[in-house]
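# Per-entry structural report
So you can see what is in the structure, the chains are spelled out below.
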Amino acid sequence: GLLSILRKLKSAPDQEVRILLLGLDNAGKTTLLKQLASEDISHITPTQGFNIKSVQSQGFKLNVWDIGGQRKIRPYWKNYFENTDILELAELLEEEKLSCVPVLIFANKQDLLTAAPASEIAEGLNLHTIRDRVWQIQSCSALTGEGVQVRLQEGLATWQHDS
Ligand SMILES: Nc1nc2c(ncn2[C@@H]2O[C@H](COP(=O)(O)OP(=O)(O)OP(=O)(O)O)[C@@H](O)[C@H]2O)c(=O)[nH]1
Ligand SMILES: [Mg+2]
């Protein structure tokens, strides 16, 4: 079960995971990353290139690459695909270089009344048709930090379990 998986993870403290954080501009990627690193989130501007941050999280060293999502930057996403352990965004499922890479989708901005619930997003993205990799969708608010930390752990646990 999940508990034994988590216990196993805890006994291997040096594990590094490379995470590529992709998504449309204004989705909240940089906010989410800063929230994970317990940094101030009040002066975030659109990412022009990328940010790299290493975050220690319950025995994991998460090396997160936060790539700008503006339309003019999206063509460069491809440059970051090598050796990625986890990524976001269902549109990338077709990428050959990313085959079998687990996907964790953040349904962010859940603090807004207008936010679509995770179940609706999962349906819209047809996530249930994904058969070739581990996937998971988690609702969160990068603004409040709600759901960010714990759910990343669950995603990792699933990934560890199935790979
Ligand atoms: N209400 C709400 N606002 C959020 C949340 N997460 C991020 N935002 C806001 O959304 C805006 C964009 O956040 P960023 O973190 O810069 O978004 P990004 O995905 O990094 O954007 P790019 O760097 O352009 O790709 C900011 O004004 C954030 O404060 C959230 O969970 N709830
Ligand atoms: Mg950003």
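Residues numbered from 1 in each chain as written. Chains lettered and ligands numbered in written order. Predicted model: local features only at pLDDT ≥ 70, side-chain atom pairs only at ≥ 80, totals over all residues. Heavy atoms only, no water.

The condition that has to hold: UniProt positions are given in the numbering used here, feature names are shortened, and annotations may be inferred rather than shown by experiment.
Identification of the chain as ARF like GTPase 3 from Gorilla gorilla gorilla is taken from an unreviewed UniProt entry. The record in UniProt for the chain states the following under Sequence similarities (unreviewed entry): "Belongs to the small GTPase superfamily. Arf family." Under the UniProt heading Subcellular location (unreviewed entry), the note attached to the chain is "Cytoplasm, Cytoskeleton, Microtubule organizing center, Centrosome".

## As for the site of ligand 1
Note the cut-off: Nearness is defined per residue: one heavy atom within 4 Å of the molecule or strand is enough. Under the rule applied, a polar contact is a pair of N or O atoms within 3.5 Å (in protein, one hydrogen donor and one hydrogen acceptor; residues adjacent in sequence only if both atoms are side-chain atoms). For every accessible area listed, the method is Shrake-Rupley and the probe measures 1.4 Å; residues are considered covered only by the protein chains on display. In this count, Pro and Cys sit with the nonpolar residues alongside Ala, Val, Leu, Ile, Met, Phe, Trp and Tyr, while Asp, Glu, Lys and Arg are called charged and the others, Gly among them, polar.
Residues in contact with ligand 1 amount to 20 residues; listed here are only the nearest, Lys29, Thr31, Thr47, Gly69 and Asp111. The separation between an oxygen atom of ligand 1 and a polar main-chain atom of Gly28 is 2.9 Å. With respect to ligand 1, the side chain of Thr31 contributes an N or O atom lying 2.6 Å from an oxygen atom. Its free accessible area being 650 Å², ligand 1 has 85% of it covered by the protein chains. Tallied by class, residues from the shell around ligand 1 come to 7 nonpolar, 9 polar and 4 charged.

## Looking at the packing of aromatic side chains
Condition: Any Phe, Tyr or Trp ring, taking Trp's six-membered ring, that has another such ring centre within 6.5 Å forms a pair; planes under 30 degrees apart are called stacked, those over 60 apart edge-to-face, and the others tilted. Helix and strand labels come from DSSP, where a helix needs a run of H or I of at least four residues and a strand needs a run of E of at least two; each type is numbered from the N terminus. Only lysine NZ and arginine CZ atoms are considered, and such an atom sits over a ring when it is within 6 Å of the ring centre and within 35 degrees of the ring normal.
Under the definition given, this model contains 1 aromatic pair. Aromatic side chains Phe50 and Trp65 sit 5.7 Å apart centroid to centroid with 20 degrees between the ring planes, which places their arrangement in the stacked category. Here Trp65 lies in strand 3 (residues 60-67) and Phe50 lies in strand 2 (residues 50-57), a separation of 15 residues in the sequence. Geometry around Trp65 places Arg18 over its ring, the cationic atom sitting 4.4 Å from the centre.

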